[in-house]
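Structural overview
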Amino acid sequence: MTETMNNVLNDDKKWKIIQGDCLKVLEGFAPGSFDAVITDPPYASGARTQADKQKSTRQKYSSMGDNAPPAFEGDAKDQRSWTRWAAEWLAEARRIAKPGAPVCMFIDWRQLPAASDALQWAGWIWRGTAVWDKGNSRPQRGRFRQQAEYIVWGSNGDMPISRPVPCLPGVFKYGNPGKRIHLTEKPLQLMRDIVRICEPGGLILDPFAGSGTTVLAGVLEGYRAIGIEVTDVYAILAQERIVRELAEAV
Ligand SMILES: C[S@@+](CC[C@H](N)C(=O)[O-])C[C@H]1O[C@@H](n2cnc3c(N)ncnc32)[C@H](O)[C@@H]1O
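In this text the structure is predicted, and so the values were computed from the model without any measurement. (Residues numbered from 1 in each chain as written. Predicted model: local features only at pLDDT ≥ 70, side-chain atom pairs only at ≥ 80, totals over all residues. Heavy atoms only, no water.)

1. Here's the deal with the overall build of the protein
Looking only at helices and strands, the protein features 9 helices and 8 strands. Its C-alpha atoms give the protein a radius of gyration of 17 Å, within 12% of the compact-globule value 18 Å for 250 residues. The dimensions of the protein, computed from C-alpha atoms along their principal axes, are 50 × 35 × 35 Å. Each of the 250 residues in the protein was classed as buried or not, and the buried ones make up 50%. Sequence-distant contacts in the protein: of pairs separated by 6 or more residues, those separated by 24 or more amount to 72%. (Helix = DSSP H or I, 4+ residues; strand = E, 2+ residues; numbered from the N terminus. Rg over C-alpha atoms; globule rule 2.2 N^0.38 Å. Buried < 20%, exposed > 50% of the residue type's maximum accessible area, 1.4 Å probe, protein only. Contact = heavy atoms within 4.5 Å.)

2. What to know about the state of the cysteines
Each disulfide is one covalent bond, formed between the sulfur atoms of two cysteines. Scanning all chains against the criterion turns up 0 disulfides. Of all cysteine sulfurs, the one in C198 lies closest to C104, which takes part in no disulfide; the gap is 9.5 Å. A relative accessible area of 4% places C104 in the buried class. With relative accessibility at 1%, the residue C198 sits in the buried group. (Disulfide = S-S within 2.5 Å.)

3. Regarding the packing of helix α8 (residues 213-220) against helix α9 (residues 232-249)
To characterise two packed helices, one gives the angle between the axes of the helices and the distance between these axes. Packing of α8 against α9 brings their axes to within 10 Å, and their N-to-C directions diverge by 25°. In this view, α8 runs roughly parallel relative to α9, as classed from their interaxial angle. Crossing geometry of α8 relative to α9 is assigned as right-handed. Between α8 and α9, the contacting residues are T213, V215, L216, V219 and L220 on the first element and R241, I242, E245, L246 and A249 on the second. Partitioned by chemical class, the residues of the contact of α8 with α9 number 7 nonpolar, 1 polar and 2 charged. (Axes fitted to C-alpha atoms, helices over the stretch in contact; angles between N-to-C directions. Parallel < 35°, antiparallel > 145°, perpendicular 65-115°, else oblique. Left-handed = near helix turned anticlockwise from the far one by under 90°. Nonpolar A, V, L, I, M, F, W, Y, C, P; charged D, E, K, R; others polar.)

4. Here's the deal with the environment of P42
Within the secondary structure, P42 sits in the loop between β2 (36-39) and α3 (50-53). Here P42 falls in the buried class, since its relative accessible area comes to 11%. Filtering out sequence-adjacent residues up to four positions away, P42 remains in contact with F72, E73, G74, D75, W82, W85 and F208.

5. A few points about the site of the ligand
Near the ligand lie 21 residues; those nearest to it are D40, S211, T213, E229 and T231. Between the ligand and E229 there is a distance of 2.5 Å, counted from an oxygen atom to a side-chain nitrogen or oxygen. When isolated, the ligand has an accessible area of 610 Å², and the protein chains bury 96% of it. Looking at the shell around the ligand, its residues break down into 8 nonpolar, 7 polar and 6 charged. (Near = heavy atom within 4 Å. Polar contact = N/O pair within 3.5 Å; in protein donor to acceptor, adjacent residues only side chain to side chain. Areas by Shrake-Rupley, 256 points an atom, 1.4 Å probe, with all protein chains shown as cover.)

6. Structural notes on the sheet that holds β2
Spatial strand order, β1-β8-β7-β2-β3-β5-β4-β6: 8 strands in an open sheet with mixed pairing. Lying at the two open borders of the sheet, with one neighbouring strand each, are β1 (15-19) and β6 (171-173). Between one strand axis and the next, the sheet turns by 20° as a mean value, whatever way the strands run. For strand β7 (residues 203-206) and strand β8 (residues 224-229), the ladder comprises 4 bridges, and the chain directions are parallel. Paired with L203 across the bridge in β8 is R224. Sheet contacts for helix α6 (residues 112-121): β3 (102-107), β4 (125-133) and β5 (148-155); angle to β5, the most-contacted strand, approximately 10°. (Pairing = 2+ DSSP bridges.)

As structure tokens, this is what we get:
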């Protein structure tokens, strides 16, 4: 199993989307396989009551009705279960990350404390929280706008300052993508900025690939990348999207 998973890329194949549950798929990689883990897991934060949490992600995250992108799996956990689960996949991701490799995990304000707890329980060193300023959000009288999401980041042990990676910003300002094929798709340019935390030419892991934005951004920036996606329809959409957009980029 280990050899099979580590051989999914070669000189001609710079990226791969694997359909499956990341907790199972990650088991198949050998220790020290990845130069960075950059990901956007389901936040499971889009409802107040337990009953509302069980609703489809289309209902929770879109007002587009029948025109909304497809629903995705894994978003119904309460905060305690989510934190435990996040610590599990983060520990497995750390096992297969190289010493010193960075980890970046997107999250919103509700799950921010849980995310930094899970990262540390999994053994990563928590090094900071960068900000994605989305600009737009619902204005509410007498309240601050929730116009940001966050990137909790850290490293697998010591992260030498001598790594060949330049100074990076801590705030990224990009609006949500106009034409989305995923309910919670991240802007491509945002991900092109974020992947630069990886050493040049390195291998990036995204255990929650969605529509493949991290993998596409990584390849466009000269990295190799492997994405894992459990929802069948998104694994197919990600594959097709990356092929299409890489062909257009040539
Ligand atoms: C927040 S979305 C990622 C969106 C992505 N960043 C993009 O730009 O399209 C999280 C994705 O994780 C997937 N997912 C949920 N649980 C998973 C699991 N156990 N293993 C792999 N993928 C999972 C969901 O199907 C969903 O597409």
